Amino acid sequence: MIQDDAGVGARVPRFDGPRKASGRARYVDDMSRPGMLHAAIAQSPYASARIKGYDLSRALELEGVRAIVTGADYAFRRVGGTLRDETMIAVGKVRYMGEPVAAVAAVDQETAERAAQLIEVDYEPLEPVITPDAALRPDAPIIHEDLSSYVKTLPGTPHGNVVWETEMADGDPDEAFANCAHVAEAVFETQAQHHGYMEPNGVLAEIDENDRIVVTASVQSVHMLQARVAEELDVPMSQVRAVAAEVGGGFGGKHHTNIHSIAAWLARVTRRPVKLVLSRITDMEIQKSRHPARIWIKTGCDAEGRLLARDVRITLDGGAYADESPNVLSLAVLLSRGPYRIPVMRARGRVVYTNKLRAGSYRGFGNPQITFASESQLDELALMSGIDPVDLRLKNALQPGDTWFGGQPIQTGAMTECLRQLRAARESAPALPPAAPHIRRGVGYAGLAHTCGLLGTSASVQLRGDGSVVLGVGAIDIGQGSGTVLTQMCADILKLPAEMIARTGVNSDAAPFNWKTAASRTTYMTGRAVVQATENLRTCMVEHAAEMLEADPDTMEIRPGGVIAATGTNKSVTFADVAMRSMFRTGGPLIGTGSLVYDGPPIDRANVRVEGMAFGNIGGYAFGAQCAEVEVDEILGTVRVVRAWSAHDVGQAINPTLAEGQIEGGLVHGLGLALCEQMVWDDDGRLANPSFADYRLPGAHEAPEIFPILVEEPDPTGPFGAKGLGEMPTVGIPAAIANAVAQATGKRIRRLPLTPERVLTAIDGEESE
Amino acid sequence: MTEKIDFTIAVNGARHAVSVPSDATLLRLLREDLLLTGAKRGCNQGVCGACTVWIDGAPARACLTLAANVGEREVTTIEGIGEQGRLTALQEAFVNHGAMQCGFCTPGMVMSLEAFLRDNPAPDRSALRASLSGQLCRCTGYSKILDAAMAVVKDRK
């Protein structure tokens, strides 16, 4: 491995750094076009209502309005993921407050927004269903009356207000609990969280000179965006060109959504470019949240602390549309055992419709919720059995050669090493100065496991006539630094300096297919495709070079700076020589390609009961352990995380600086879930805090000093041994903070966020709400 | 429509004659009329700090500032700092320390920290942390932003 240049393991400054530091990076809202129109959305004032008609006359009279579209104009198609239940704009019924009912294109933003307010919709209000409890009552109003007729892409059993049910079982926990020395049983709850990407969602849609629809968006997959717009506008996918702009943060909240098709539709109606960039308020009202969860969990161990059995029931609040709810639920179920050996397991879950904003993909994808419950409960078991919490985790940690819940073999994994290094780092840290008398300190730990292998991806590496190289991937750099990391892999194999490798922008015409920039999979999955493609190009170049030098291809080697030489000789050619020759021998400079679909061992359905699992094959397990040191103010009830340590089983850090950045940012993201973030709806279904003034993201003063620990045990299936990392640092930290608060106060709080009110109630010994 | 008003405004050392609605914010004027898109609209209510510019050298929220109220004062945006086409020492440090991820908050972070470092020659890490109280970042957890600023302080010594 090359440490001192652009290769793997080097702390290469990210290639998009200068444009971002100087303000030159171009996000959707920084773009404009001649004749461009601006769009605004008319939103439902009811959480549940039938739409009886529209009166557009006042809006259309406004000077500068160019088009208005509603659900009445639309030969609608229901789209979605596993369950196709949503239209881009409400048709016949609205199911959450704020849902788009019409959209306007006008000459400027102010006019579009005024016109949207002048659109009159005749509603017949219906009784809204705001909580899962209400939605599950036998007499509850049904949110999707036609649910049974909706298309499903995987087997499942939606019914009533239940979107999806998933179950996995390996043995009978009821029997196993009888043999346990200690059993803990409790209900844990987590709240709705907003992704908080600094850039709101936005799209610029236009019709090009070939009558194709071009959608440029802040998005996590151009290929899925292309598919959705094509389907909703009823045109072939080839007639849609989807382009990724600079993406101002994603975290699962920048996937293809309603707004992309709405803008494309307006562009088609007006034949003018249309920009639709959401205000922060509208973004929070109409995009999506993290799933609120209620988790009943029961875990038992023997007298020595060996875990014997666990039983889990998960209820997720999915909001008004399924989106990725079946998948989020499935991952929560699959990861409910955590990174431990528990021989007997059962996990059952359901997602329920309510008349609120849809919940969907969000960094961690169901895992922060289940891990908050399971890792809090492990500390309760540690207390019951008198075993140190870290020792309890070490005693039960999964080892390579063990199997996952579901029977998949664990091929590699550094869970034990993560725990050891985490504890050593924490114990060797300098002591804090004495705290004020009203401050109680505590330290909490949590372990975690997550997946990074899923679905398909591909890459191309094209040689240019001068020996430089262009790397093409469909993976979008949404800030995590994948453009830099994937280039480092390519540079390492070709021994080229970074400036000789450029990246294509990501658009659906040019970029090789990638499912999504999601699921912690870009380094692991797309990285493997880049390695394949680069090795493929190298093989082609070596064959040409061997012919040119009349040497055996097996004796050729790549030397730094774009040179191919016959080993042990001074005979060599340059990449440029090879590129020029290939133009005349094979019709153009060489192209290497690579593609794959996740190919790890599947879930063993013969020996483990699996129902409603909304994934084909998923795996690539990576582990981690996190530690939080907190100060609880017993007068104010506030919790401050002073320092945090976070150890991760990364396989091989391709770029340690960027890997640390994922850990630090992900940890503070999870801290927000633990302490201060919460989307709140009133009884009528109105989101009460759709703004950054009312929804509190962690600021610099709330972020702790963070000590990232990269545990490198290369995974033979990963590119250069690398595993995924993006979501993992968000997964364990809420439980680590809750465990630290429990240690500081002696009281267990089982509901997030840990607000001052809840902390004071716990300290005062009153029943928690 | 809101009535438009005409005035001149000094931005990055040049004077511009503009005609904007009387309720237009400085952020709108910069981004839409002068096409200076470095300052970002993250929340449009003065919380996130992505729109931070300088007015007579002092950091200000462009989204909360009425364009017409700027008057004779000099506005500086991210496009106007440093020597032509070159990164400042702080911007270089941001790049080298991985202090940005998605980059959307970065112009505001840079404008805020540049002013703070100009007025405070040798702040410690906790003073730098406190100086970021008006700037939100969702990607970095603030660690590497503080690392970058500390590197600039260290290089001064």
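Residues numbered from 1 in each chain as written. Chains lettered and ligands numbered in written order. Predicted model: local features only at pLDDT ≥ 70, side-chain atom pairs only at ≥ 80, totals over all residues.

A. Representation of the overall build of chain B in the model. Tallying secondary structure elements over chain B gives five helices and five strands in all. For chain B, the α and β elements follow one another from N to C terminus as β-β-α-β-β-β-α-α-α-α. Taken over C-alpha atoms, the radius of gyration comes to 16 Å for chain B, in line with the 15 Å a tight globule of 157 residues would show. Structurally, chain B occupies a C-alpha span of about 50 × 30 × 25 Å along its principal axes. In chain B, 58% of the contacts between residues at least 6 apart in sequence involve partners at least 24 apart. (Helix = DSSP H or I, 4+ residues; strand = E, 2+ residues; numbered from the N terminus. Rg over C-alpha atoms; globule rule 2.2 N^0.38 Å. Contact = placed C-beta atoms within 7 Å.)

B. The arrangement of the interface of chain B and chain A in detail. Counting residues at the interface gives 39 residues for chain B and 43 residues for chain A. Those elements that place two or more of their residues in the side of chain B that touches chain A are helix 2 (89-96), helix 3 (106-119), helix 4 (125-131) and helix 5 (143-156) of chain B. Element by element, the count of residues in the side of chain B that touches chain A is highest for helix 2 of chain B, at four residues. In terms of residue class, the side of chain B that touches chain A is built from 19 nonpolar, 15 polar and five charged. (Nonpolar A, V, L, I, M, F, W, Y, C, P; charged D, E, K, R; others polar.)

C. Just the domain arrangement of chain A, in detail. Residues and elements named next belong to chain A. Looking at the assigned domains, one finds that chain A contains domain 1 (17-25 + 456-597), domain 2 (35-126 + 201-277) and domain 3 (293-453 + 603-763). In this complex, domain 1 contributes 17 residues to the contact, which on the side of domain 3 involves 21 residues. Going through the elements one at a time, helix 13 (482-494) and helix 14 (522-549) are the ones with two or more residues in the side of domain 1 that touches domain 3. When residues in the side of domain 1 that touches domain 3 are grouped by element, the largest group, seven residues, is from helix 14. Here the residues of the side of domain 1 that touches domain 3 are counted per class, giving eight nonpolar, seven polar and two charged. (Domains from an automatic or database assignment.)

D. Quick peek at the domain arrangement of chain B. Residues and elements named next belong to chain B. Per the domain assignment, the segments making up chain B are domain 1 (4-80) and domain 2 (89-156). Here domain 1 and domain 2 have C-alpha centroids that lie 22 Å from each other. Listed by contribution, the elements that provide at least two residues to the side of domain 1 that touches domain 2 are strand 3 (52-55) and strand 4 (58-61). If you tally residues by element for the side of domain 1 that touches domain 2, the top one is strand 3, at three residues.

E. The sheet that holds strand 6 (residues 93-94) of chain A, seen in detail. All names here are of chain A. The strand order 6-2-8 describes an open sheet built from three strands, whose pairing is antiparallel. The sheet is open, and its two borders are formed by strand 6 and strand 8 (120-125), each paired with just one other strand. Sheet analysis places strand 2 (residues 49-55) next to strand 8, joined by six bridges and oriented antiparallel. Bridge pairing in strand 8 links I51 to Y123. (Pairing = 2+ DSSP bridges.)

F. A look at the sheet that holds strand 23 (residues 556-559) of chain A. All names here are of chain A. Pairing is antiparallel across the open sheet formed by three strands, whose spatial order is 23-24-25. The sheet terminates laterally at strand 23 and strand 25 (572-574), the two strands that pair on one side only. Across the sheet, the mean angle from the axis of one strand to that of its neighbour is 25°, orientation sign disregarded. Across four bridges, the pairing between strand 23 and strand 24 (residues 563-566) is antiparallel. Of the residues in strand 24, the one forming a bridge with I558 is I564. The sheet strands contacting helix 15 (residues 575-586) are strand 24 and strand 25, and the helix crosses strand 25 at an angle near 75°. (Axes fitted to C-alpha atoms, helices over the stretch in contact; angles between N-to-C directions.)

G. Molecular detail of the confidence of the model for chain B. The pLDDT averaged across chain B works out to 96; a share of 99% of its residues lies at or above 70. ipTM for the predicted complex: 0.98, alongside a pTM of 0.98. (pLDDT = per-residue confidence, 0-100.)

H. Local environment of helix 5 of chain B. With 14 residues, helix 5 of chain B extends 20 Å between its outermost C-alpha atoms, agreeing within 8% with the 20 Å of an ideal straight helix rising 1.5 Å per residue. When helix 5 of chain B is considered as a whole, its buried residues turn out to be S143, K144, I145, L146, D147, A148, A149 and V152 of chain B. Here the buried face of helix 5 of chain B lies against helix 16 (656-675) and strand 30 (705-711) of chain A together with helix 2, helix 3 and helix 4 of chain B. (Expected span 1.5 Å × (residues − 1). Buried ≥ 20, exposed ≤ 12 C-beta atoms within 10 Å, placed from the backbone.)

I. Main features of the packing of helix 13 of chain A against helix 14 of chain A. Residues and elements named next belong to chain A. At a closest axis distance of 9 Å, the pairing of helix 13 and helix 14 adopts a crossing angle of 30°. It follows that helix 13 is roughly parallel to helix 14 by the angle criterion. At the point where helix 13 passes helix 14, the crossing takes the right-handed sense. On the side of helix 13, the interface is formed by S482, V485, L486, M489, C490, I493 and L494, while helix 14 contributes T522, T523, T526, G527, V530, V531, T534, E535 and R538. Here the contact of helix 13 with helix 14 is built from residues that sort into eight nonpolar, six polar and two charged. (Parallel < 35°, antiparallel > 145°, perpendicular 65-115°, else oblique. Left-handed = near helix turned anticlockwise from the far one by under 90°.)

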